[in-house]
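A look at the structure
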Amino acid sequence: MLTTDPCILVIFGASGDLASRKLVPAMYEMHVAGQLHPSTVILGVSRTQKSDDAWRDELKSWVERQVKKFDAAKYAEFARRLFYFAGDAVKRECYPPLEARLAELAEEKGTRGNLLFFLSVAESLYEPIVERIDEAGLVVEGKRWCSIDPSTRSWQRIIVEKPFGHDAASAASLNRALGRAFEEEAIYRIDHYLGKELVQSMLVLRFGNSIFEPVWNWQYIDHVQITAAETVSVGQRTAFYDETGAIRDMIQSHLFQVLAFVAMEPPSLYTPENVRAEKIKIIDSISVPTADEVATHCALGQFASDGKEGAYHELAGVAQGSTTETYAAIKVHFDNWRWAGTPFYIRTGKKLAQKRTEVVVQFKPPAANLFRKVAGFGNETPNRLVIEIAPKERFNLRFEVKVPGFGLRGANVDMQLDYADHFKAEPVEAYGPLIVDAMRGDQTLFKHRVEVEGAWNAVMPFLDARSAAARAGIRANYAVGSWGPAAADELLARDGRAWRNEP
Ligand SMILES: NC(=O)c1ccc[n+]([C@@H]2O[C@H](COP(=O)([O-])OP(=O)(O)OC[C@H]3O[C@@H](n4cnc5c(N)ncnc54)[C@H](OP(=O)(O)O)[C@@H]3O)[C@@H](O)[C@H]2O)c1
């Protein structure tokens, strides 16, 4: 088993939704799986006053609710790793007592001065908290990565959650603020999509086999679809969503990471540096649409009322005349040799027909159809690889075979690998293995500064004034339980293609 260094995981925003619902339950799973160093502890920081025990009790019900297999004895063991510190992390006076508490825990538990900060607070607090951490002198490692023996130096790292900026300029500003306090090697921009098994498996499928890579290019692939469909609405924080929208919330962040894994070149070796270098390159080669192209490269929508909930524009918290999209489909082209002319269509939305995250790789038809004169032979292009990321974890490869019996008739069939059936493994919360990677110093599945800024640059035309035409008339333009607005179907129909909407 891989080992992790002992450390204190300092979660800013300890009493918030993300910490309670995801981070701490994920750490419980990592504890049960033996992935945490015995000395590692978690210090939650929020303004609300509470004792260590009160926090442990509060979290118990969250962990019970969130994990598949809860064990009270194991929780009691895990709870001994949990500590709480009440303080306003934006204020300077918070830091001397926080530093003292960290030193006390380090001494008592033997965490060797290693600190892993996790910013689980509102985005507006990221920069001030990073500044305070820096001013307080909590980051002492310096250029650890190039020191003579990095293993003998303590480390201080920081995990930053999305939203990573609101646009290209704010992302660059946050990167500069982080860079003033931490080395790039110590900054872990987390994306829980990269913690998903099937997303990681995509790299193994592509580069661990010899049969896919030779056809993984414009010559054989007609197009790629990436879908992240949700059946739920925008949630409690409508005002927050109204400032965000589907492109920021899903496409710029998670789906571009999936896109990078589908489209990137093979790294020379599976190392953090090599994988990240290829991701940077592929994001950088996205062809940014011109102002004239924006309307034909995207389809945006807002859900209508379903009788139970109002239409998006009627919800409390949504600004009057809001043109924020609850549905977005965009067409992406790469300016590179592998993908010249092959479009990637990315779509996501709320209140759609089905909860589904998947990648569809549609291959081109065979070079010549020798069955064209055989009656009953389908004209469909058969070869398609569907990678289902959630809620099912499956690979489906479709090809054409002869139907048994007299005469020659063809049929499309699917060969399927279902992860749950085959590996009998329970999926774990994606945050857990990623946080453990940060404890190990492995940045493979985290985003580099350049990649984040590149992803913002690529979506900005769909977000700023250039998208005005695509936003006109989006109010209630798709029915709840549908696959989105008609414009999304037209986006593909114009290219002679259609979305995979079948169950
Ligand atoms: N929730 C999710 O599933 C999710 C998913 C992806 C990304 N995110 C992002 O993750 C971050 C946290 O989200 P959330 O949903 O957990 O937010 P939240 O429920 O509003 O929690 C925010 C937390 O920050 C604490 N806090 C606020 N001001 C503070 C300060 N000055 N010093 C110390 N603590 C402070 C709050 O507790 P006190 O009031 O006690 O201080 C609370 O614990 C946000 O940036 C969000 O966009 C969340």
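These notes cover the structure that comes with them. Just so it is clear, the structure is predicted and the values come from calculations on it, not from any experiment.

**A word on the pattern of salt bridges**
Counting across every chain of the model gives 35 salt bridges. Here D88 makes a salt bridge to K91, at a shortest N to O gap of 3.7 Å.

**What about the side chain of N175?**
In this fold, N175 is placed in helix α6 (residues 168-181). Within the structure, N175 has its side chain in polar contact with the side chain of E453 (distance 2.7 Å). With residues near it in sequence (within four places) discarded, N175 still touches F164, R189, R449 and E453.

**Observations concerning the site of the ligand**
Around the ligand sit 25 residues, and of these D17, L18, T48, D88 and V121 come closest. Here S46 contributes a side-chain N or O atom positioned 3.3 Å from an oxygen atom of the ligand. D88 is positioned with one of its side-chain polar atoms (N or O) 2.7 Å from a nitrogen atom of the ligand. Notes on the ligand: free accessible area 890 Å², of which the protein chains cover 80%. Among the elements that take part in the shell around the ligand, helix α1 (residues 17-32) stands out by supplying three residues, more than any other. Here the residues of the shell around the ligand are counted per class, giving 10 nonpolar, seven polar and eight charged.

**Some thoughts on the sheet that holds strand β8 (residues 298-301)**
As summarised here, the arrangement of the eight strands in space is β8-β9-β10-β7-β11-β12-β13-β14, forming an open sheet in which the pairing is mixed. With one partner strand each, in any of the chains shown, β8 and β14 (410-418) form the two edges of the open sheet. The average angle at which neighbouring strand axes cross in this sheet is 15°, direction not considered. Note that strand β9 (residues 327-332) and strand β10 (residues 344-349) share six bridges and pair antiparallel. Across the sheet, the residue bridging to K331 is Y345, located in β10. In this fold helix α16 (residues 486-493) packs onto β7 (221-229), β8, β9 and β10, with an angle of close to 15° to the strand it touches most, β9.

**A look at the nonpolar core**
Formed by 148 residues in total, the largest nonpolar core has its most connected members in F12, Y95, F118, I158, F256, V359 and I435. Residue contributions to this core peak at 12 residues, all from helix α9 (residues 245-263). Here this core spans two domains, and each of domain 1 (8-189) and domain 2 (194-361 + 451-493) adds at least three residues to it. Residues within four places of I158 in sequence aside, it is in contact with L116, F117, L119, V130, I133, L178, F182, A186, I187 and Y188.

**Things to note about α9**
With 19 residues, α9 extends 25 Å from end C-alpha to end C-alpha; this agrees with the ideal 27 Å at 1.5 Å per step. Along α9, the helix axis deviates most sharply at I251, where the bend reaches about 45°. Where burial is concerned, most of α9 is hidden: 19 out of the 19 residues are buried.

**Overview of the packing of helix α7 (residues 197-207) against α9**
In contact at an axis separation of 9 Å, α7 and α9 are set at 10° when each is read in the N-to-C sense. In terms of axis orientation, α7 runs roughly parallel to α9. Residue-level contacts link V199, Q200, M202, L203 and R206 of α7 to V258, F261, V262 and A263 of α9. Its residues assigned to classes, the contact of α7 with α9 comprises seven nonpolar, one polar and one charged.

**Focus on the sheet that holds strand β3 (residues 82-86)**
Pairing within the open sheet is parallel, and its six strands lie in the order β3-β2-β1-β4-β5-β6. Looking at which strands have only one partner, the edges of the open sheet turn out to be β3 and β6 (187-189). Taken pair by pair, the neighbouring strands of this sheet meet at an average axis angle of 20°, ignoring direction. With five bridges joining them, strand β4 (residues 115-119) and strand β5 (residues 156-160) adopt parallel strand pairing.

**A word on the environment of R372**
As for its position among the elements, R372 is in the loop between β11 (356-363) and β12 (384-390). Overall, R372 belongs to the exposed group, its relative accessible area being 62%. Spatially, the C-alpha atoms of R372 and G34 are 58 Å apart, while their sequence positions differ by 338 residues. Polar contacts involving the side chain of R372 include one to the main-chain carbonyl oxygen of N369, which spans 2.8 Å.

Reading the values: the criteria
Residues numbered from 1 in each chain as written. Predicted model: local features only at pLDDT ≥ 70, side-chain atom pairs only at ≥ 80, totals over all residues. Heavy atoms only, no water. Salt bridge = Lys/Arg side-chain N within 4 Å of Asp/Glu carboxyl O. Helix = DSSP H or I, 4+ residues; strand = E, 2+ residues; numbered from the N terminus. Polar contact = N/O pair within 3.5 Å; in protein donor to acceptor, adjacent residues only side chain to side chain. Contact = heavy atoms within 4.5 Å. Near = heavy atom within 4 Å. Areas by Shrake-Rupley, 256 points an atom, 1.4 Å probe, with all protein chains shown as cover. Nonpolar A, V, L, I, M, F, W, Y, C, P; charged D, E, K, R; others polar. Pairing = 2+ DSSP bridges. Axes fitted to C-alpha atoms, helices over the stretch in contact; angles between N-to-C directions. Core = buried A, V, L, I, M, F, W, Y, C linked by side-chain atoms within 4.5 Å. Buried < 20%, exposed > 50% of the residue type's maximum accessible area, 1.4 Å probe, protein only. Domains from an automatic or database assignment. Expected span 1.5 Å × (residues − 1). Bend = angle between axes of the 7 residues up to and from the residue. Parallel < 35°, antiparallel > 145°, perpendicular 65-115°, else oblique.

Keep in mind that these numbers describe shape and distance, not what the molecule does.
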